Amino acid sequence: MNTIIKHTFRYACWVAAASLVLASCKKFDEVNTDPTAANEDQVQVEYLINSAIMGAQMNPDIAERSFVLYWEVAGRQCADFDAGAPGVISVGNYNDGWTTNYWNGQAGWQTRINSAISIAESRIEKNENLKEYTSNLLQVARIWRVYLMSEMADNWGPMAIDGFKGVNPDYASVKDVYYFMLDELKDATSKLDVSIKVPEKVAKDDPAFGFNFTKWQKYGNSMRLRLAMRLSEVDGDKAKAEFEDAAKSLDGLLTDNSDNFAVQEQDSWTDLAGVMSRSWDVQPMSVTFRNLAVGLGGINSADQLAESFAKYVKPANDLGLRYTDYFPLKNNDPNAGYWLDGLPNTIDPRAYVIFCIPGDTLNSNFPAQNGAYDKNTVRNLYKKVGDELKLVKSVNAAFTFNARIDGDWGEKDQLNELVNYGGTMPRLNMRFRNSTEKRVFFGAWETYFLLAEASVRGWTVPLSGKTAYEDGIKASFNFWGIDKYLTAYLGSKTYNNDGTSVDWDHTTEPPATRAMTFKDGITGQAGTAQIKYPANALYKAGKKNDHLSKIITQKFLAQVPWVPLENWSDHRRLGLPFFENPTVEKAITTLPGLTDGTYSEASIKFQPQRLKYPSGLVNQNPTGYQQAVDFLGGAGDAVLTPLWWAQQQ
Amino acid sequence: MIRKTGGNVPSWFTYGKLRASVAEVGNGLQPYQLYNTYSIGKDPNGNTNASTGSTYYNADVRSELIKSTEIGTELKFLQNRIGLDISWYKTNATRQLLAIPQDALSGYSSKMINAGNIQNEGVEVVLNTSLLNKPGALNWDMTVNFSKNNNKIIALTDENHTYGLGGYDDVSIVAETGRNYGEIYGTKFLRVDDPKSEDYGRLLLTSTGLPKGTSDKYDLGNQQADYLLGITNHFSFKGFNLSFLLDGRFGGKIFSATYAAMEAAGTAGITANRGKMVVNGVIEDGKGGYVENTTEVTTEEYWKAVQSSGNVGIVEANLYDATNIRLRNVQLSYNLPQKWLQKSPVQRASLGFSCNNVWMISSHLHGIDPESVYATGTNAVGFENAAPPTTRSFMFNLSLSF
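Note that this is a predicted model, so its numbers are computed, not measured.

**Here's the deal with the overall build of chain A**
- Scanning chain A for helices and strands turns up 22 helices and 10 strands.
- For chain A, the spread of C-alpha atoms along the three principal axes comes to 130 × 60 × 50 Å.
- Here chain A, with 649 residues, has 61% of them falling under the buried criterion.
- By sequence separation, contacts in chain A at least 24 residues apart represent 76% of the contacts at least 6 residues apart.
- Seen as two clouds, the 66 positive and the 77 negative side-chain charges of chain A have centres 1 Å apart.

**Concerning unusual backbone geometry**
- With an omega of 0°, the peptide bond running from Val560 of chain A to Pro561 of chain A counts as cis.
- Inspection of the secondary structure assignment puts Pro561 of chain A in the loop between α19 (547-559) and α20 (564-574).
- Omega for the bond connecting Leu576 of chain A with Pro577 of chain A falls within 30 degrees of zero, at -10°, which places this linkage in the cis form.
- The backbone phi angle of Leu78 of chain B is positive, close to 50°, even though this residue is not glycine.
- Positionally, Leu78 of chain B belongs in the loop between β5 (64-77) and β6 (82-101).
- For Leu78 of chain B, a relative accessible area of 42% puts it in the partly exposed group.
- Phi is positive for Gln79 of chain B, which is not a glycine, with a value near 55°.
- Looking at where Gln79 of chain B falls in the secondary structure, it is placed in the loop between β5 and β6.

**Considerations on the interface of chain A and chain B**
- Listed as interface residues are 55 residues of chain A and, on the opposing side, 37 residues of chain B.
- Between chain A and chain B the total buried area reaches about 3900 Å² when both faces are included, carbon and sulfur atoms providing 52% of it.
- When residues of chain A are sorted by the area they lose upon contact with chain B, Asn32, Gly166 and Asn619 of chain A head the list and together hold 14% of the total.
- Across the contact surface, chain A and chain B share 0 salt bridges.
- Taken together, the connections running from chain A to chain B amount to 15 residue pairs in polar contact (both at pLDDT 80 or more).

**Focus: the pairing of strand β11 (residues 183-186) of chain B**
Residue and element names in this part refer to chain B.
- Of the two faces of β11, both are covered, the one formed by Glu183 and Tyr185 as well as the one formed by Ile184 and Gly186.
- Inspection of the sheet shows strand β10 (residues 171-176) paired to β11 by 3 bridges, in the antiparallel sense. Of the residues in β11, the one forming a bridge with Val174 is Glu183.
- In sequence, β10 turns back onto β11 through a hairpin of 6 residues, with Gly178 there showing a positive phi of about 85°.

**Focus: the environment of Glu121 of chain A**
All names here are of chain A.
- Tracing the sequence through the fold places Glu121 in helix α5 (residues 96-126).
- Judged by its relative accessible area of 40%, Glu121 falls in the partly exposed class.
- Along the sequence, Glu121 and Thr134 sit 13 residues apart, while their C-alpha atoms lie 8.9 Å from each other.

**What about the side chain of Gln609 of chain A?**
Residue and element names in this part refer to chain A.
- Within the secondary structure, Gln609 sits in the loop between β10 (583-584) and α21 (617-620).
- Looking at Gln609, its side chain comes within polar contact range of the main-chain oxygen of Ile604, at 3.4 Å.
- In this structure the side chain of Gln609 is engaged in a polar contact, spanning 3.3 Å, whose partner is the backbone oxygen of Gln607.
- If we ignore the near neighbours within four places in the chain, the residues touching Gln609 are Trp568, Arg572, Ile604, Val639, Leu640, Thr641, Pro642, Leu643 and Ala646.

**With respect to the sheet that holds strand β13 (residues 218-222) of chain B**
Residue and element names in this part refer to chain B.
- Taken together, 4 strands build an open sheet; the order of strands is β9-β10-β11-β13 and the sheet is antiparallel. At either end of the open sheet lies a strand with only one pairing partner, and these are β9 (162-168) and β13. For this sheet, the mean inter-axis angle between neighbouring strands, taken without regard to orientation, is 35°.
- In this sheet, β13 lies alongside β11 in antiparallel orientation, the contact comprising 4 bridges. By the bridge assignment for β13, Tyr185 is matched with Asp219.

**What to know about the pattern of salt bridges**
- Counted according to the given criterion, the structure contains 49 salt bridges over all chains.
- When the shortest N-O distance is used, the salt bridge between Arg224 of chain A and Asp245 of chain A registers 2.7 Å. Of this pair, Arg224 of chain A sits in helix α9 (residues 213-230) while Asp245 of chain A sits in helix α10 (residues 236-246); the two residues are 21 residues apart in sequence, bridging distant segments of the chain.
- The salt bridge partner of Asp369 of chain B is Arg326 of chain B, with a shortest N-O separation of 2.9 Å. Of this pair, Asp369 of chain B sits in the loop between β23 (348-363) and β24 (383-384) while Arg326 of chain B sits in strand β22 (residues 324-335), and the two are 43 residues apart along the sequence.
- Residue Asp369 of chain B is classed as buried on the basis of its relative accessible area, which comes to 9%.
- Within the structure, one salt-bridge network assembled from shared partners comprises Lys186, Arg224, Lys238, Glu242, Asp245 and Lys248 of chain A.

**Describing α10 of chain A**
Residues and elements named next belong to chain A.
- Along α10, the residues classified as buried are Lys238, Ala239, Glu242, Phe243 and Ala246. Projected down its long axis, α10 shows its buried positions confined to an angular sector of 120°, all on one face.
- As for α10, its buried residues are in contact with α7 (174-191), α9 and α16 (444-456).

**Quick word on the pairing of strand β2 (residues 318-322) of chain A**
Residue and element names in this part refer to chain A.
- Within β2, 4 of the 5 residues are buried, which leaves the element mostly enclosed by the surrounding structure.
- One ladder, built from 4 bridges, connects β2 with strand β8 (residues 513-520); its direction is parallel. Bridge pairing in β8 places Arg322 opposite Asp520.
- Pairing between β2 and strand β3 (residues 338-339): 2 bridges, direction antiparallel. From the neighbouring strand, Arg322 faces β3, where its bridge partner is Tyr338.

**Things to note about the sheet that holds strand β12 (residues 203-205) of chain B**
Residue and element names in this part refer to chain B.
- Reading across from one edge, β12-β18-β19 is the order of the 3 strands in this open sheet, with mixed pairing throughout. Every interior strand has two partners, whereas the edge strands, β12 and β19 (290-292), have only one. Neighbour-to-neighbour, the strand axes of the sheet open up by a mean angle of 45°, direction not taken into account.
- Across 3 bridges, strand β18 (residues 281-284) lies against β19 in antiparallel orientation. Along β19, the bridge assignment pairs Val282 with Glu292.

**Here we look at the confidence of the model for chain B**
- Considering every residue of chain B, the mean pLDDT works out to 86; 98% of them sit at 70 or more.
- What the predictor reports for the complex is a pTM of 0.80 with an ipTM of 0.80.

**Examining the packing of α19 of chain A against α20 of chain A**
Residues and elements named next belong to chain A.
- Interhelical geometry of α19 versus α20 gives an angle of 155° and a closest axis separation of 8 Å. What the angle tells us is that α19 and α20 run roughly antiparallel. At the point where α19 passes α20, the crossing takes the left-handed sense. Along the contact surface, α19 presents Leu548, Ile552, Lys555, Phe556 and Gln559, while α20 presents Pro564, Glu566, Asn567, Asp570 and Leu574.
- In terms of residue class, the contact of α19 with α20 is made up of 5 nonpolar, 2 polar and 3 charged.

**Considerations on the packing of helix α17 (residues 465-480) of chain A against α19 of chain A**
All names here are of chain A.
- Two elements in contact, α17 and α19, have axes separated by 10 Å at closest approach and are oriented at 15°. By the angle class used here, α17 and α19 are roughly parallel. Read as a crossing pair, α17 and α19 show a hand that is left-handed. Seen from α17, the contacting residues are Tyr469, Ile473 and Ser476; seen from α19, they are Lys550, Ile551, Gln554 and Ala558.
- Tallied by class, residues from the contact of α17 with α19 come to 4 nonpolar, 2 polar and 1 charged.

**Description of a nonpolar patch on the surface**
- Taken together, the side chains of Leu131, Leu132, Leu138 and Phe237 of chain B make up a nonpolar region of the molecular surface, amounting to roughly 320 Å² of accessible area.
- Assignment of secondary structure puts Leu138 of chain B in the loop between β7 (110-132) and β8 (139-155).

Rules of the game
- Residues numbered from 1 in each chain as written.
- Chains lettered and ligands numbered in written order.
- Predicted model: local features only at pLDDT ≥ 70, side-chain atom pairs only at ≥ 80, totals over all residues.
- Heavy atoms only, no water.
- Helix = DSSP H or I, 4+ residues; strand = E, 2+ residues; numbered from the N terminus.
- Buried < 20%, exposed > 50% of the residue type's maximum accessible area, 1.4 Å probe, protein only.
- Contact = heavy atoms within 4.5 Å.
- Lys, Arg positive; Asp, Glu negative; His and termini not counted.
- Charge placed at Lys NZ, Arg CZ, Asp CG, Glu CD.
- Buried area = accessible area lost by both parts, 1.4 Å probe.
- Salt bridge = Lys/Arg side-chain N within 4 Å of Asp/Glu carboxyl O.
- Polar contact = N/O pair within 3.5 Å; in protein donor to acceptor, adjacent residues only side chain to side chain.
- Pairing = 2+ DSSP bridges.
- Axes fitted to C-alpha atoms, helices over the stretch in contact; angles between N-to-C directions.
- Arc of directions from axis to C-beta.
- pLDDT = per-residue confidence, 0-100.
- Parallel < 35°, antiparallel > 145°, perpendicular 65-115°, else oblique.
- Left-handed = near helix turned anticlockwise from the far one by under 90°.
- Nonpolar A, V, L, I, M, F, W, Y, C, P; charged D, E, K, R; others polar.
- Patch = residues over 30% accessible without salt bridge, like charges linked within 9 Å, V, L, I, M, F, W, Y side chains within 5 Å.
- Areas by Shrake-Rupley, 256 points an atom, 1.4 Å probe, with all protein chains shown as cover.

Printed below as a string of structure tokens:
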């Protein structure tokens, strides 16, 4: 009897234990589900689009390294001063930390936008969890993905088209990337239904357009113009076909400043912080910008500024002071060795809007963030006597407007305090540094200049070259609120330092040289010099004042300060506008071709062409990296290797 | 035991034991690391946004498997006055659950997989001695503890050969296949790298006579110690007990970001020389050759140039040997004699005083404690950066038994 009970009891225990185990199996899945995370059904497409757009707005970490230290310099908006002597990307060097930081950021934004696309696609396919605007959001995500991919391809070159699926992707050539992007834009813009409106709550998740689908369509079409034009030199037929298809109607393009793709900045350490807002970044004006702006448009400085500035404006043919011992001469800037001791007689009216005038400290827009460093205008020039530096002259740079050339200044670096200081250099104005502006990714002016260039190439576009060109300048002047100078500006036939004028119909080439007066900076002796207009061997047409030179000059000036990457890309593609060589007082190891014998010529060997891949990539994706290097060809993964669409020599 | 069975051992061999063990242990994941999810958040404007994780999880991973073998022996001599405990062990951790780095263009910066074979092999020797052992007089016991552990990466995956453990700015600590755990990678002084040049290996300075760092990172050493040695001495005399522990760690390297910052600010002892100097190196002459540097610079410019490479300066300049010997612990106690306690309910009482982290006898880190590491939550102990110094503590204790 006892044994039977024992057996039954044991049997009952086993059954109870087994059923307990089986019953609790259901809980295994619950245990593994994170209660604070969302799964695919819970997340909304617009949340991911929001992160992808905000991410590209760049938090201060990424922004300083990519926008300020790489793009502003490579795009010749600012001198390469903040990267430390003798500069980084301006001399063909790179910083792996900055590159890795930016690459990881980019990959993160593309991950989010690809998630948005795959979720939207799966919902449409399964026809569940669908809203009436889901298909439109899918097209918006595809358009934004194209922008992100173009940013990556224009910086590094070969990249993945079919990535973001959890496994290491294959890398595609730049040609395949561009063809993919153009196809995506064509398809996505055509599938946008502009009649659909989204609820207000959803609209808040688009910091650029509020999911106004008409604006997205215009942006998509204009992006198509930008990317098609990139192929103009290397694949002319494809470029023409895509461009003409996208430019069929002017109404479909981004042509008004109210349609600009712009995201509002916010003064906080987040994605929305201003890209140029780190107070320790000096960001002084570049020699390239100075040479383009001075003399262009014929508007007198005295007419642009208050009465009190009139006494600082110099005559038109005045070079200023000659300091051949203190400024480097081993470069092809025509003004090498001269320091203008006042304001230029005539200058593009955008110059004073973008850059401050040293000493103009009472101006509310003056960038004074670093105490005396930003405000003191008196600095010294020295002479080397044995091992000591002897003071030669104290110079007051207040109310002057000069620029510092990139490169290795050699001995002259310690002799000249005027150009290694905040208070003496024109720097980006305060309005760009306090995170109150809207960061513009695509401006109406760019559409017009692209149409103008297409017209010059003989492509079929809705506007004539002259109209597009003048409308582009008008859009830019309108953006900065300086429309009052427009009429006079458009009719100006005066040449800037590079030999280009504004008036579309004035295509007379400048003379070989012009006579200018100067005073010796130390002895005070007056003299005259014949100053050349610089030879730009990279622009193969060999002209300084033809239509394309004018278009790209105006496009460059209009894109400052928001789109320096496009300025770098245009120069890599066309060799326009004139980018002077970094100076080579002492040899620059990363630009081995730039020597005493070659510094007066323009060559792609003296210009950065791309960023090197981050050092971790070769370990994380060895197959992909090798594919990318093979596509790059030439010197492989180096800063000086030109991309597929750029000038190859 | 041997004697009981009729064998013969010398009389000074008191006790002997041989032991061996083989074990296999598993290890699991942290919670919620099986499925890939999204995290919902708010953007700076207060609107909802979402993002994905950085590690690609895989629901098919298996548990880790740690196989360990240990052989040890415990020997006592001279009536237990000398005791020797030696053990040798080898642990292989396979099927490690590692987040292996992948191309960020895959959507994730790392992927959770089973991989790797990480081996810990080492030996531990403990020697216990009673040097003076007479009841009523001074007793002196000394224990010496020696351990040597070699932590090596046998394999990671077929594709990946390095796995990041931690790091900061230009310093990275990685696990590399075929090397010891914790290789330190960082920038070096730029030197002439042409083996045919007669200046091969000399510092390559800028045109102003200042040193520069390389743009790439190089393998600078390993964070692992070669061996650890500890010696405890215990004295007792008529109720007083004094013991102190000397602790030494030998080998391994550590990067000091604190000292790098101090050099740049001029507060480091090494910068006390405030004169001018000529850096011993060469400068490029522009024609492919090199000339001797004769430019005089101030010591301030030199240290600032060292610090200006990246955010922590040239890593090689502040990579030190982490060898250090310290007096880690001193304890003094007094057992109250029985005759004082006979009439009280207290059976035993003792008063004690102890001090921890007493005295750093020798270290290479200019006064910084090599144990005040930066990345305390990780295995990357090869660098320190402005961590609070390790503390010294003093304790008084009174122990009563009823």
